[in-house]
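Each chain is listed here by its residues.
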Amino acid sequence: MRNMGRSFVKMNGLGNDFVVVEARSRPFQPTEEEVRAICDRTTGEGCDQLIAIEPGDEGAVFMRVWNADGGQVETCGNALRCVGWLLMQASGSDRAEIQTAGGLARAHAGGDHRVAVDMGEPGLDWTQIPLAEEMDTRGIELQIGPIDDPVLHTPGAVSMGNPHVTFFADREFDDAFVTASGSLLEHHPLFPEAVNVGFAQVLAPNRIRLRVWERGAGLTRACGTGACAALVAASRKGLVDRRATMVLDGGELEIDWRDDGHVWMTGPVEVERTGVLA
């Protein structure tokens, strides 16, 4: 591997785990095959996403994200918290700005190993998701199951710098259903850039149970952008207020869609270990 000998930090946000490589002084350009090898949980380091911290514009920091399938994606909410924590630890500051292909994010210290991130404003127009055709993104024309008796239908579509749809139901869905349905819809023709698929159950006006099939990564223990998208979608449908606790497989995130239109995500980060890519 061309990138052998590179030091990394293994981190996770609610179990959504990352191999984070410092690439500001030395470029890190793995092939898709190398990304898959690093992310492989049997023969590699094992992670949902590979992250590189690169130089950004005007001295800023850019976060590059590869999913476990080797493809690059725009951003990752849980990774933003982890990278934000690393940057704040290194600088001694309680704030950090992070550029991504999905836009600028601002991280703030939120307590012991907790980080709050301003994820910016959600994209709500069909062209921002993007969709292949014009639709009302509060409930798009998509369903799971028979046409005359769908199991789930009219999910909310939201972009958090990456595309999401969230279905709402009055029950929780098991691994088999999430995997089968998520993998089927991930590359649906309605989504030219593919899509992350959320399955949500509103437990209370300020509490939502969420499971997410991540585009290019599969069923993960937590999806930060998915949690943000689900809160926005639920609020637009009138199911919850603009602030809620999102209950994911790996733990809880606090999501706040503030009056200025920005979505804030607050949650924990964990450093698992350090190592060197072989």
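We now turn to the structure provided with this report. (Residues numbered from 1 in each chain as written. Predicted model: local features only at pLDDT ≥ 70, side-chain atom pairs only at ≥ 80, totals over all residues. Heavy atoms only, no water.)

### What to know about the pattern of salt bridges
Applying the stated rule across the entire model yields 17 salt bridges. Notably, a salt bridge pairs Asp136 with Arg138, separated by 2.8 Å at the nearest N-O pair. By relative accessible area, which is 40% here, Asp136 ends up partly exposed. Linked through salt bridges whose partners overlap, the residues forming this network are Lys10, Asp17, Arg41, Asp48 and Glu272. (Salt bridge = Lys/Arg side-chain N within 4 Å of Asp/Glu carboxyl O. Buried < 20%, exposed > 50% of the residue type's maximum accessible area, 1.4 Å probe, protein only.)

### What about the packing of aromatic side chains?
What the rule picks out here adds up to five aromatic pairs. One aromatic cluster is present, formed by Phe167, Phe173, Phe177 and Phe199 through successive ring pairs. The ring centre of Trp257 lies 4.0 Å from the NZ or CZ of Arg242, which sits over that ring. (Phe/Tyr/Trp six-rings, centres within 6.5 Å; stacked < 30°, edge-to-face > 60°. Lys NZ or Arg CZ within 6 Å of the ring centre and 35° of its normal.)

### Some words on helix α1 (residues 32-39)
Residues Glu34, Val35, Ile38 and Cys39 constitute the buried set of α1. Seen end-on, α1 carries its buried residues on one side only, within an arc spanning 130°. Of the surrounding elements, those touching the buried residues of α1 are β2 (16-22), β3 (49-55) and β4 (61-67). (Helix = DSSP H or I, 4+ residues; strand = E, 2+ residues; numbered from the N terminus. Arc of directions from axis to C-beta. Contact = heavy atoms within 4.5 Å.)

### Structural notes on the environment of Gly120
Residue placement: Gly120 occurs in the loop between β8 (114-118) and β9 (143-144). Residue Gly120 is classed as buried on the basis of its relative accessible area, which comes to 11%. Placed 41 residues apart in sequence, Gly120 and Gly161 show a C-alpha to C-alpha distance of 8.8 Å. Those residues in contact with Gly120, other than ones at most four positions away along the chain, are Met160, Gly261, His262 and Val263.

### Focus on the layout of surface pockets
Of the volumes computed, that of the largest pocket is approximately 180 Å³. Along the walls of the largest pocket sit 14 residues, with Val9, Val20, Val21, Glu22 and Ile53 positioned nearest its centre. For the lining of the largest pocket, the secondary-structure elements that each account for two or more residues are β1 (7-13), β2 and α2 (77-91). (1 Å grid on protein atoms, 1.4 Å probe; cavity = no way out; pocket = protein on both sides within 12 Å on 5 of 7 lines; lining within 4 Å. Points joined across faces, edges and corners; volume = space filled by probe spheres on them.)

### Here's the deal with empty space enclosed by the protein
Counted according to the given criterion, the structure contains three cavities of 30 Å³ or more. Estimated volume of the largest cavity: approximately 90 Å³. Lining the largest cavity are 14 residues; nearest its centre among them are Gln49, Thr75, Asn162, Asn196 and Glu214. Looking at side-chain class alone, the lining of the largest cavity contains three nonpolar, nine polar and two charged residues. (Nonpolar A, V, L, I, M, F, W, Y, C, P; charged D, E, K, R; others polar.)

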